[in-house]
Amino acid sequence: MGKEIFRGFKFGMILQIAIGPICIFIFQTACKYGFFMGEMGVLDAVLVDIIVGIVLIYFAIKLLIKKDKEENGELK
């Protein structure tokens, strides 16, 4: 029983690191400036996540293409 609680605690801490700061930012903005500004903060966070995802996908595909060309001997 104690082992599962410890594993759950570790998993919860990992999730807190991942979503904690943004969640606190959204709550603070919504409480201070209202619901609409909180929603604008959520939109900002979503747009940043999309942009970072697109950039990471671009570089991952570029790396895979380069690796494939090296394996096939097309790239010197």
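Structure first, text after, so check above.
Here's a quick rundown of the structure. Keep in mind the model is a prediction, meaning the values are calculated, not measured.

What counts, and at which threshold
Residues numbered from 1 in each chain as written. Predicted model: local features only at pLDDT ≥ 70, side-chain atom pairs only at ≥ 80, totals over all residues. Heavy atoms only, no water. Helix = DSSP H or I, 4+ residues; strand = E, 2+ residues; numbered from the N terminus. Rg over C-alpha atoms; globule rule 2.2 N^0.38 Å. Areas by Shrake-Rupley, 256 points an atom, 1.4 Å probe, with all protein chains shown as cover. Lys, Arg positive; Asp, Glu negative; His and termini not counted. Charge placed at Lys NZ, Arg CZ, Asp CG, Glu CD. Phe/Tyr/Trp six-rings, centres within 6.5 Å; stacked < 30°, edge-to-face > 60°. Buried < 20%, exposed > 50% of the residue type's maximum accessible area, 1.4 Å probe, protein only. Patch = residues over 30% accessible without salt bridge, like charges linked within 9 Å, V, L, I, M, F, W, Y side chains within 5 Å. Salt bridge = Lys/Arg side-chain N within 4 Å of Asp/Glu carboxyl O. Polar contact = N/O pair within 3.5 Å; in protein donor to acceptor, adjacent residues only side chain to side chain. Contact = heavy atoms within 4.5 Å. Expected span 1.5 Å × (residues − 1).

Things to note about the overall build of the protein
Tallying secondary structure elements over the protein gives two helices and zero strands in all. Taking 11 Å as the expected radius of gyration for a compact globule of 76 residues, we find that the protein reaches 20 Å, considerably beyond that expectation. A principal-axis box enclosing the C-alpha atoms of the protein has dimensions of 60 × 45 × 10 Å. Of the roughly 7000 Å² that the protein leaves accessible, carbon and sulfur atoms contribute 74%. Where the 9 positive side-chain charges of the protein centre and where its 8 negative ones centre are 7 Å apart.

Here we look at the packing of aromatic side chains
Under the defined criterion, the tally for this structure stands at one aromatic pair. Centroid distance Tyr58 to Phe59: 5.1 Å. Interplanar angle 70°. Geometry classified as edge-to-face. For Tyr58, a relative accessible area of 48% gives the class partly exposed.

Section: the environment of Ile51
Here Ile51 is to be found in helix 2 (residues 35–72). By relative accessible area, which is 53% here, Ile51 ends up exposed. Spatially, the C-alpha atom of Ile51 lies 31 Å from that of Glu74, the residues being 23 residues apart in sequence.

With respect to a negative patch on the surface
On the surface, a cluster of negative charge is made up of Asp68, Glu70, Glu71 and Glu74. Turning to its location among the elements, Glu70 is positioned in helix 2.

Focus on the side chain of Thr29
Here Thr29 lies in helix 1 (residues 2–33). One polar contact links the side chain of Thr29 to the main-chain carbonyl oxygen of Phe25, over a distance of 2.8 Å. Not counting residues within four places of it along the chain, the set of residues in contact with Thr29 comprises Gly34, Met37 and Gly38.

With respect to helix 2
The terminal C-alpha atoms of helix 2 lie 55 Å apart, and with 38 residues this matches the ideal 56 Å at 1.5 Å per residue to within 8%. Positive phi shows up at Gly73, right after helix 2, with a value of about 80°.

Notes on the environment of Lys32
Its place among the elements puts Lys32 in helix 1. Taking relative accessible area as the criterion, Lys32 reaches 59% and is therefore assigned exposed. Distance in space between the C-alpha atoms of Lys32 and Lys3 is 41 Å, their sequence separation being 29 residues.

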